[in-house]
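Descriptive analysis of the structure
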Amino acid sequence: MPDASFKPVRKAVFPVAGLGTRFLPATKDVPKEMMTLIDRPLIHHGVDEAVKSGCSEIMFVTGQGKESIRRYFEPSAELVSVLRERGKNELAEKIDRIHRLARFEYSYQEKPLGLGHAVLCAEKFCKDEYFGLILPDDVMIAEPTVLCQLEAVRKKYNSSVLCVEKVAECDVRRYGIIDAEETEDGVFRVKGLVEKPEPEKAPSNLAIMGRYLLSPSIFECLRKITPGAGGEYQLTDALSLLLEKEPVYAVLYKGTRLDCGVKEGWIKATVIKALNDPQLRDIVIEAVKESGIHI
Ligand code: G1P
């Protein structure tokens, strides 16, 4: 039943404690989240999406070596004043807007014990309200934003909502997979979940992607789980427990996902984003032509 006291989600959590080993040596001294995708760090793309979705409070669950994320979202008075002195007012404004995008908070995850553990580190911040969880490796091109698409379903069903995509059978072992019943076009009531199953054990090919809207009851469930797939505390296992108490829905989101969790995906994301940008499109096409490489 739609809830008359529905409150739009205003908090978003970003787990950013991962070591970025797939991108070494690039990530030896620069967190993956701070590597540039087109014109800004990867994490800034995720924050833009959260803000566009109505979130005004953001928590980063950070770990060792991630200090530059905090610095990036802090005011940079010196840089801004130098830019103004040099008459670069537009650029100064752009830089000064970054720390005003939202209110930023930080929680420190001492050891990378899994996504479930990272989310539990945000418990105090979320308190007793629904919150968005954004895995910044998945860059989403979508209108409305994927988080807004999830909100529309939460509004209707008053439940946690996951974002899913149909994947090839051989890829189910990379994701959390749901067992679900379609209640309306592209919307599913979740009946079960399994983290990174072997293809023959997967209940479907509906894979969870990096956007979630979670009920605060998830924290109680996160405290109960034991290490699961890969020896880590899995959010998927906590969601299975949540299902025993509350309904959970999933949405086949409309949009394009750019998987920046792997090098190949990062390269694709750079090309696709550039081709979508009117100022960069011709540069990419020209560069390919000039290279003499026949495509
Ligand atoms: C995590 C989740 C998994 C989900 C995936 C989406 O896995 O545990 O259920 O499908 O994110 O990117 P990870 O990518 O951290 O291994």
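The structure reproduced in this document is the subject of the present report.

About the cut-offs
Along every chain, residues carry numbers that run from 1 in the direction the sequence is written. Owing to the predicted nature of the model, reporting of local features is limited to residues with pLDDT of at least 70; listing and counting of side-chain atom pairs is limited to 80 or more, with chain, interface and lining totals taken over all residues. Hydrogen atoms and water are omitted, and side-chain values are computed over all heavy atoms in the structure. Numbering of helices and strands runs from the N terminus; a helix is a DSSP stretch of H or I covering at least four residues, while a strand is a stretch of E covering at least two. Only protein chains enter the accessibility calculation, which uses a 1.4 Å probe; a residue is then buried when its area is under 20% of its type maximum, exposed when over 50%, and partly exposed in between. Only heavy atoms matter for contacts: two residues are in contact if any of them lie within 4.5 Å across the pair. Using the Shrake-Rupley algorithm and a 1.4 Å probe, accessible areas are obtained, with residue cover drawn only from the displayed protein chains. Just so you know, the count uses Lys and Arg for positive and Asp and Glu for negative, and it drops His and the chain ends. Taken as the charge centre is NZ of Lys, CZ of Arg, CG of Asp or CD of Glu, depending on the residue. The near set for a molecule or strand comprises every residue that places at least one heavy atom within 4 Å of it. Polar contacts, as counted here, are pairs of nitrogen or oxygen atoms within 3.5 Å of one another; within protein the pair requires one atom able to donate a hydrogen and one able to accept it, and residues that are adjacent in sequence qualify only if both atoms are side-chain atoms. Taken from the helix axis, the directions to the C-beta atoms give the arc we talk about. Space inside and on the surface of the protein is sampled on a 1 Å grid over the protein atoms alone, with a cavity defined as a set of points where a 1.4 Å probe fits but cannot get out and a pocket as an open set with protein on both sides within 12 Å along at least 5 of 7 lines; lining residues have an atom within 4 Å of a point. Grid points are joined across faces, edges and corners, and a volume is the space filled by probe spheres set on the points. Any residue outside Ala, Val, Leu, Ile, Met, Phe, Trp, Tyr, Cys, Pro, Asp, Glu, Lys and Arg is labelled polar, Gly included; the first ten of those are nonpolar and the last four are charged. Salt bridge, as used here: a side-chain nitrogen of Lys or Arg that lies within 4 Å of a carboxyl oxygen of Asp or Glu. To obtain each axis, a line is fitted to C-alpha atoms, and for helices this fit is confined to the stretch in contact; angles are then taken between N-to-C directions over 0 to 180 degrees. Roughly parallel here means an angle under 35 degrees, roughly antiparallel means over 145, roughly perpendicular means 65 to 115, and every remaining angle is called oblique. Crossings are classed by handedness, with left-handed meaning an anticlockwise turn of the near helix from the far one by less than a right angle and right-handed meaning a clockwise turn. Here a strand pair is declared whenever DSSP counts at least two bridges between the two strands.

**A few points about the overall build of the chain**
- Along the backbone of the chain there are 11 helices and 13 strands.
- Each of the three principal axes of the chain carries a C-alpha extent, and together these read 60 × 50 × 40 Å.
- Burial status across the chain gives 46% buried among its 295 residues.
- Considering only contacts within the chain whose residues lie at least 6 apart along the sequence, 76% involve residues at least 24 apart.
- Here the chain displays about 15,600 Å² of accessible surface, and carbon together with sulfur accounts for 52% of that area.
- Considering the chain, the positive charge centre built from 42 side chains and the negative charge centre built from 45 side chains are found 2 Å apart.

**Re the site of the ligand**
- Around the ligand sit Leu-115, Leu-135, Asp-138, Tyr-175, Gly-176, Glu-195, Lys-196, Ile-208, Tyr-212, Gln-234 and Thr-236, and those are all the residues in its vicinity.
- A distance of 2.9 Å separates an oxygen atom of the ligand from a polar backbone atom of Gly-176.
- In the environment of the ligand, an oxygen atom lies 2.7 Å from a nitrogen or oxygen atom belonging to the side chain of Glu-195.
- In the complex, 73% of the free accessible area of the ligand, which totals 380 Å², lies under the protein chains.

**So, helix H9 (residues 235–242)**
- Among the residues making up H9, those that are buried are Leu-235, Thr-236, Ala-238, Leu-239 and Leu-242. Buried positions in H9, seen along its axis, are confined to an arc of 160 degrees and lie on one side of it.

**Thoughts on the layout of surface pockets**
- The calculated volume of the largest pocket comes to roughly 1,200 Å³.
- Within the residue set of the lining of the largest pocket, elements represented by two or more residues are helix H5 (115–120), strand E11 (206–214), H9 and strand E13 (256–259).
- Looking at the lining of the largest pocket element by element, the count peaks at four residues for E11.
- Of the residues that constitute the lining of the largest pocket, the class distribution is 17 nonpolar, 10 polar and 12 charged.
- Taken together, 21 residues make up the lining of the second largest pocket; nearest its centre are His-45, Val-139, Met-140, Ile-141 and Lys-273.
- For the lining of the second largest pocket, the secondary structure elements donating two or more residues are helix H1 (42–52), strand E7 (138–141) and helix H10 (263–276).
- For the lining of the second largest pocket, the class distribution of residues is seven nonpolar, four polar and 10 charged.

**Quick word on the environment of Asp-39**
- Within the fold, Asp-39 resides in the loop between strand E2 (36–37) and strand E3 (40–41).
- As a C-alpha pair, Asp-39 and Phe-219 span 180 residues in sequence and 36 Å in three-dimensional space.
- Separated by 3.0 Å, the side chains of Asp-39 and Arg-40 make a polar contact.

**Considering unusual backbone geometry**
- Residue Pro-25 follows Leu-24 across a cis peptide bond; omega there is 5 degrees.
- As for its position among the elements, Pro-25 is in the loop between strand E1 (11–15) and E2.
- The residue after Glu-143, namely Pro-144, is reached through a cis peptide bond having omega 0 degrees.
- Assignment of secondary structure puts Pro-144 in the loop between E7 and helix H7 (146–157).
- Look at Lys-127: it is not a glycine, yet its phi comes out positive at around 50 degrees.
- Counting through the fold element by element, Lys-127 comes out in the loop between helix H6 (123–126) and strand E6 (131–134).

**A closer look at the pattern of salt bridges**
- Under the counting rule described, the total for this entry stands at 25 salt bridges.
- Across the pair Arg-10 and Glu-129 runs a salt bridge, and its minimum N-O distance is 2.8 Å. Here Glu-129 lies in the loop between H6 and E6 and Arg-10 lies in the segment before E1, a separation of 119 residues in the sequence.
- For Arg-10, a relative accessible area of 35% corresponds to the partly exposed category.
- Overall, the relative accessible area of 19% leaves Glu-129 in the buried class.

**Here's the deal with the packing of helix H3 (residues 77–85) against helix H4 (residues 89–98)**
- At a minimum axis distance of 8 Å, the contact between H3 and H4 shows a crossing angle of 165 degrees. It follows from the interaxial angle that H3 and H4 lie roughly antiparallel. Crossing hand, H3 versus H4: left-handed. Residue-level contacts link Leu-79, Val-80, Leu-83 and Arg-84 of H3 to Asn-89, Leu-91, Ala-92, Glu-93, Ile-95 and Asp-96 of H4.
- Here the contact of H3 with H4 is composed, by residue class, of six nonpolar, one polar and three charged.

**Re the pairing of E11**
- Among the nine residues in E11, nine count as buried, and that is most of the element.
- Alignment of E6 against E11, held across four bridges, turns out to be antiparallel. Within E11, the position partnered with Gly-132 by the bridge is Leu-213.
- Sheet topology places strand E8 (residues 160–166) next to E11; five bridges connect them, and they run antiparallel. Note on E11: the bridge partner recorded for Glu-165 is Ala-207.

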